[in-house]
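This is what each chain is made of:
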Amino acid sequence: MTDHLITILAASVGSTGFAFLFNTKKIQILCAAISGLLVSGMYILLSSGTDSLLLNNMLCAMLVTAYAEIFARLMKAPSSVFLLPAFIPLVPGGYLYYAMYGLVTGVPDEAWQNANATMLTGLGIAMGILVVSVIVSGVDMFQKNSDDENPEERME
């Protein structure tokens, strides 16, 4: 339990640090810290239920992308301001490192296993972003079309 708490707090600090690197406003830095908490907490919960890297990362990416889209609209800022720091805890740096280490030290099984985990993690993140982005684009397009069909309502 203590390990999970440390992981969640470290993810929040990491996301906050990247928010500082992107020169975000103070309130947006707070949102980045919260997103780090959310994504790492959800990942820990999902990991205890399933071993699927693809599914766990996809669901976490969907949560973070929805979070970023909501806060982008609330704060009238680009969604990338909220999205990029939130994904820092999901980046598969450890898997990539050990894949390269396996290649360098001549352990191809370890290299392949970690390279596979890196690819599944990246694919899960990409799929999660894609699913939510398509839904948000569809909702935006629907709202725009419904506004265009009733121009007399806008004039009042």
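Everything numeric in this text was worked out from a predicted model, so none of it was measured.

### Notes on the layout of surface pockets
In this structure, the largest pocket occupies an estimated 250 Å³ of space. Lining the largest pocket are 16 residues, with Tyr43, Asn57, Pro89, Leu90 and Val91 positioned closest to its centre. Of all the secondary-structure elements, those providing two or more residues to the lining of the largest pocket are helix H1 (2-21), helix H2 (26-49), helix H3 (53-75) and helix H5 (93-105). At four residues, H2 tops the list of elements feeding residues into the lining of the largest pocket. When its residues are assigned to classes, the lining of the largest pocket shows 10 nonpolar, six polar and no charged.

### Digging into the pattern of salt bridges
As enumerated under the stated definition, the model contains two salt bridges in all. With its nearest N and O atoms 2.8 Å apart, the salt bridge here joins Arg73 to Glu69. Placement of both Arg73 and Glu69 in helix H3 is noted, with a separation of four residues, approximately one turn of the helix. In this structure Glu69 comes out as buried when scored by relative accessible area, which is 16%. Among the salt bridges present, the one from Asp140 reaches Arg73, with a minimum N-O distance of 2.7 Å. Of this pair, Asp140 sits in helix H6 (residues 108-149) while Arg73 sits in helix H3; the two residues are 67 residues apart in sequence, bridging distant segments of the chain. Of the residues examined, Arg73 reaches a relative accessible area of 43% and is grouped as partly exposed.

### Here's the deal with the packing of aromatic side chains
Ring pairs (aromatic) are described by centroid distance and by the angle formed between their planes. For the structure on display, the rule yields five aromatic pairs. With a centroid separation of 4.6 Å and 40° between ring planes, the pair formed by Tyr67 and Phe71 is classed as tilted. Of this pair, Tyr67 and Phe71 both sit in helix H3, separated by four residues, roughly a single helical turn. Between Tyr97 and Tyr101, the aromatic rings sit 6.2 Å apart at their centres with planes inclined by 15°, giving stacked as the arrangement. Residue Tyr97 and its partner Tyr101 are located together in helix H5, separated by four residues, close to a single helical turn. Here Tyr101 falls in the partly exposed class, since its relative accessible area comes to 42%. An aromatic cluster is present here, built from Tyr67, Phe71 and Phe82 joined pairwise through their rings.

### Details of the environment of Leu103
Among the secondary structure elements, Leu103 is positioned in helix H5. You can call Leu103 exposed: its relative accessible area is 56%. Considered as a pair, Leu103 and Pro89 are 14 residues apart in the sequence and their alpha carbons are 25 Å apart.

### Some words on the nonpolar core
Of all hydrophobic cores here, the largest spans 17 residues; its most connected members are Val64, Phe82, Phe87 and Leu90. Listing elements by their share of this core, those giving two or more residues are H2, H3 and helix H4 (80-86). Examining the composition of this core, we find that six residues originate from one element, H3, more than from any other. When neighbours within four sequence positions are excluded, Phe82 is seen to be in contact with Gln28, Cys31, Ser35, Ala68, Phe71, Ala72, Met75 and Ala77.

### Brief notes about the environment of Ser40
Mapped onto the fold, Ser40 is located in helix H2. Placed 46 residues apart in sequence, Ser40 and Ala86 show a C-alpha to C-alpha distance of 9.3 Å. Beyond its immediate chain neighbours, meaning those up to four positions away, Ser40 contacts Thr7, Ile8 and Ala11.

Quick notes on the rules
Residues numbered from 1 in each chain as written. Predicted model: local features only at pLDDT ≥ 70, side-chain atom pairs only at ≥ 80, totals over all residues. Heavy atoms only, no water. 1 Å grid on protein atoms, 1.4 Å probe; cavity = no way out; pocket = protein on both sides within 12 Å on 5 of 7 lines; lining within 4 Å. Points joined across faces, edges and corners; volume = space filled by probe spheres on them. Helix = DSSP H or I, 4+ residues; strand = E, 2+ residues; numbered from the N terminus. Nonpolar A, V, L, I, M, F, W, Y, C, P; charged D, E, K, R; others polar. Salt bridge = Lys/Arg side-chain N within 4 Å of Asp/Glu carboxyl O. Buried < 20%, exposed > 50% of the residue type's maximum accessible area, 1.4 Å probe, protein only. Phe/Tyr/Trp six-rings, centres within 6.5 Å; stacked < 30°, edge-to-face > 60°. Core = buried A, V, L, I, M, F, W, Y, C linked by side-chain atoms within 4.5 Å. Contact = heavy atoms within 4.5 Å.

Worth remembering: the numbers are spatial, not functional.
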